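Here's the letter readout for the chains.
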Amino acid sequence: MDDSFDSTFITLTDEDGNEIELEYVDTVEYNGAVYLSFFPAVSEEDAAAAEESDDYGLIILKVVADNGEEEELVTVDDEQELNAVYDLFMEALFDEDEE
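All of these numbers come straight from a predicted model, not from anything done at the bench.

### So, the side chain of glutamate 81
- Secondary-structure assignment places glutamate 81 in helix 2 (residues 79-98).
- If near-sequence neighbours (up to four positions away) are discounted, glutamate 81 is found in contact with Tyr30, Tyr35, Lys62 and Val76.

Now the structure itself:
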């Protein structure tokens, strides 16, 4: 079987203790930092409704060192930084689609 269609899912816990399941999309580097992109994980039955929802979309998280020991994923608060990283992810996705 071709592994190129396998998906990677992770479960994150937010600051309120809620678990969120995400599907990994890609990784990019920008200004020396690493960013990961995800889509919210949804069942096949809920996929159509989710894509029309405002809550469904590309989620970008930044990898940061926590006290120099562990790495954690954090949201990107700077709008300019977020837009630049989003553009990199979109370029990578469209380049991949063309191949």
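Read on, since the account is not over.
### Section: the pairing of strand 2 (residues 19-30)
- Alignment of strand 1 (residues 9-13) against strand 2, held across five bridges, turns out to be antiparallel. Counterpart to threonine 11 in the pairing with strand 2 is glutamate 21.
- With eight bridges joining them, strand 2 and strand 3 (residues 33-40) adopt antiparallel strand pairing. Bridge pairing in strand 3 places aspartate 26 opposite serine 37.
- The turn linking strand 2 back onto strand 3 is made up of two residues, and asparagine 31 within it adopts a positive phi angle of 50°.

### Observations regarding the nonpolar core
- Grouped together as the largest cluster of nonpolar side chains are seven residues: Val28, Ala33, Tyr35, Ile60, Val76, Val85 and Phe89.
- Elements represented by at least two residues in this core include exactly strand 3 and helix 2.
- With near-sequence residues (within four places) excluded, phenylalanine 89 lies in contact with Asp26, Thr27, Val28, Tyr35, Leu36, Ser37, Leu58 and Ile60.

### Points about the packing of aromatic side chains
- Applying the stated criterion across every chain yields a total of two aromatic pairs.
- When the ring of tyrosine 24 is compared with that of phenylalanine 38, the centres are 6.0 Å apart and the planes differ by 70°; the resulting orientation is edge-to-face. Here tyrosine 24, found in strand 2, pairs with phenylalanine 38, found in strand 3; they are 14 residues apart in sequence, far enough to count as distant.

### Regarding the sheet that holds strand 5 (residues 70-75)
- Read from one edge to the other, the open sheet built from five strands follows the order 1-2-3-4-5, with strand pairing classed as antiparallel. Each of the sheet's edge strands pairs with one partner strand only, and the pair in question is strand 1 and strand 5. Taken pair by pair, the neighbouring strands of this sheet meet at an average axis angle of 45°, ignoring direction.
- Bridging between strand 3 and strand 4 (residues 59-66) involves five bridges; their strand directions are antiparallel. Paired with valine 34 across the strands is valine 63, a residue of strand 4.

Calculation rules
- Residues numbered from 1 in each chain as written.
- Predicted model: local features only at pLDDT ≥ 70, side-chain atom pairs only at ≥ 80, totals over all residues.
- Heavy atoms only, no water.
- Helix = DSSP H or I, 4+ residues; strand = E, 2+ residues; numbered from the N terminus.
- Contact = heavy atoms within 4.5 Å.
- Pairing = 2+ DSSP bridges.
- Core = buried A, V, L, I, M, F, W, Y, C linked by side-chain atoms within 4.5 Å.
- Buried < 20%, exposed > 50% of the residue type's maximum accessible area, 1.4 Å probe, protein only.
- Phe/Tyr/Trp six-rings, centres within 6.5 Å; stacked < 30°, edge-to-face > 60°.
- Axes fitted to C-alpha atoms, helices over the stretch in contact; angles between N-to-C directions.

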